[in-house]
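Below are the chains, spelled out letter by letter.
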Amino acid sequence: MACWLLKSEPDVFGYPDLVRAGREAWNGVRNYQARNFLREMRGGDLCLFYHSNARPSGVAGVARVVRAAYPDDLQFDPASPYHDPRSDPAAPRWSMVDVEPVAELPRVVPLETLRALPEWQSSPLVCRGTRLSVLPVTPAQFRAALAAGGSDLPGLFLNPA
DNA sequence: GCCAACGTTGGC
DNA sequence: GCCAACGTTGGC
């Protein structure tokens, strides 16, 4: 099982929205590197749900992938801001996955806190200028983030490093 | 294939 | 709201 981080602006779609929805298609990703990560996701993978453009920005909860990558329908919707007229329906350019909520963290883990964790030093998230909205995280990073957020999720989610 | 212009992301 | 960083576009 792999671990990931998904960014979303809480003003648009925050972790509480995912809880309310119960399940959501993670669509609208229009960056090739992020798309490639989406395509690597498998059912059961866990994701840190990161609030960007927030006060403070940080990890708000945990989500689980419940459906692996399939074509993002918005790319073929002319009314959508995510419409991509150059995408070929026979070979869709953009993908999405479905995710469901697992648990909200008792405390949001701000970016500043992540930066201070030894496990996160190597993550693209803490590098300035990184705009990736989907990125892999290591099990150690995942556990460290949960611990910083006061989560008591059973450790059986993840094998010790 | 280069590269300048432009748009977007996202922290602050 | 500012602006640095970066990806994409399109002229040549």
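Residues numbered from 1 in each chain as written. Chains lettered and ligands numbered in written order. Predicted model: local features only at pLDDT ≥ 70, side-chain atom pairs only at ≥ 80, totals over all residues. Heavy atoms only, no water.

1. Considering the UniProt feature "domain: EVE" (unreviewed entry) in chain A
Rule in force here: UniProt positions are given in the numbering used here, feature names are shortened, and annotations may be inferred rather than shown by experiment. Numbering goes from the N terminus for both helices and strands, where a helix is a DSSP run of H or I of at least four residues and a strand is a run of E of at least two.
In this numbering, the UniProt entry assigns the feature "domain: EVE" (unreviewed entry) to residues 3–144. From the first C-alpha to the last, residues 3–144 spans 12 Å; its make-up is 23% helix and 35% strand.

2. Comments concerning helix α5 (residues 139–148)
Quick note on the threshold: Relative accessibility decides the category of a residue: with a 1.4 Å probe and only protein chains considered, values under 20% of the type maximum give buried, values over 50% give exposed, and everything between is partly exposed. Throughout, a residue-residue contact means that at least one pair of heavy atoms, one from each residue, lies within 4.5 Å.
Of all the positions in α5, only Q141, F142, A144, A145 and L146 are classed as buried. Of the surrounding secondary structure, the elements contacted by the buried residues of α5 are β1 (3–8), β3 (46–51), β4 (58–71), β5 (95–110), α4 (111–116) and β6 (134–137). Looking at the residues trailing α5, positive phi occurs at G150, about 75°.

3. Concerning the protein's contact with DNA strand B
Defined as follows: It suffices for a single heavy atom of a residue to lie within 4 Å of a molecule or strand for the residue to be listed as near it. By the criterion applied in these results, polar contacts are pairs of N or O atoms within 3.5 Å in which, for protein atoms, one can donate a hydrogen and the other can accept it, and in which residues neighboring in sequence qualify only through two side-chain atoms. Throughout this entry, Asp, Glu, Lys and Arg are counted as charged residues, while Ala, Val, Leu, Ile, Met, Phe, Trp, Tyr, Cys and Pro are counted as nonpolar. The remaining residues, Gly among them, count as polar.
As a matter of local geometry, DNA strand B sits amid K7, Y50, S52, N53, S57, L111, R115, T130, R131 and L132. Among all atoms of DNA strand B positioned within 4 Å of the protein, those belonging to sugar or phosphate total 68%. At a separation of 2.9 Å, a phosphate oxygen of DNA strand B approaches a polar side-chain atom of Y50. The residue inventory of the surface near DNA strand B, partitioned by class, reads three nonpolar, four polar and three charged.

4. Here's the deal with the nonpolar core
Proteins that are soluble and globular tend to have nonpolar side chains buried together. Rules: For the purposes of this section, nonpolar cores are sets of buried Ala, Val, Leu, Ile, Met, Phe, Trp, Tyr and Cys residues that join through side-chain atoms within 4.5 Å.
The biggest cluster of nonpolar side chains holds 41 residues, and the ones touching the most others in it are L5, W26, M41, L48 and W120. Aside from chain neighbours lying at most four places away, what touches L48 is W4, L5, L6, V59, G61, W120, V137, F142, A145 and L146.

5. Things to note about the protein's contact with DNA strand C
Taken together, the residues surrounding DNA strand C are Y32, R86, R128, G129 and R131. A share of 86% of the atoms of DNA strand C within 4 Å of the protein falls on sugar and phosphate groups. Between a phosphate oxygen of DNA strand C and a side-chain N or O atom of R86, the distance comes to 3.0 Å. A distance of 2.7 Å is found between a sugar or linking oxygen of DNA strand C and a side-chain nitrogen or oxygen belonging to R128. Across the surface near DNA strand C, the residue classes break down as one nonpolar, one polar and three charged.

6. Description of the pairing of β1
Stated formally: We treat two strands as partners when DSSP finds at least two bridges between them.
Where burial is concerned, most of β1 is hidden: six out of the six residues are buried. Neither face of β1 is open: one carries C3, L5 and K7, the other W4, L6 and S8, and all of them are buried. Sheet topology note: the β1/β6 ladder contains four bridges and is antiparallel. In the sheet register, L6 faces β6, and the bridge partner there is V134.

7. Remarks on the side chain of D84
Along the chain, the position of D84 falls in the loop between β4 and β5. Of the residues examined, D84 reaches a relative accessible area of 11% and is grouped as buried. A polar contact of 2.9 Å, which involves the side chain of D84, links it to the backbone nitrogen of R86.

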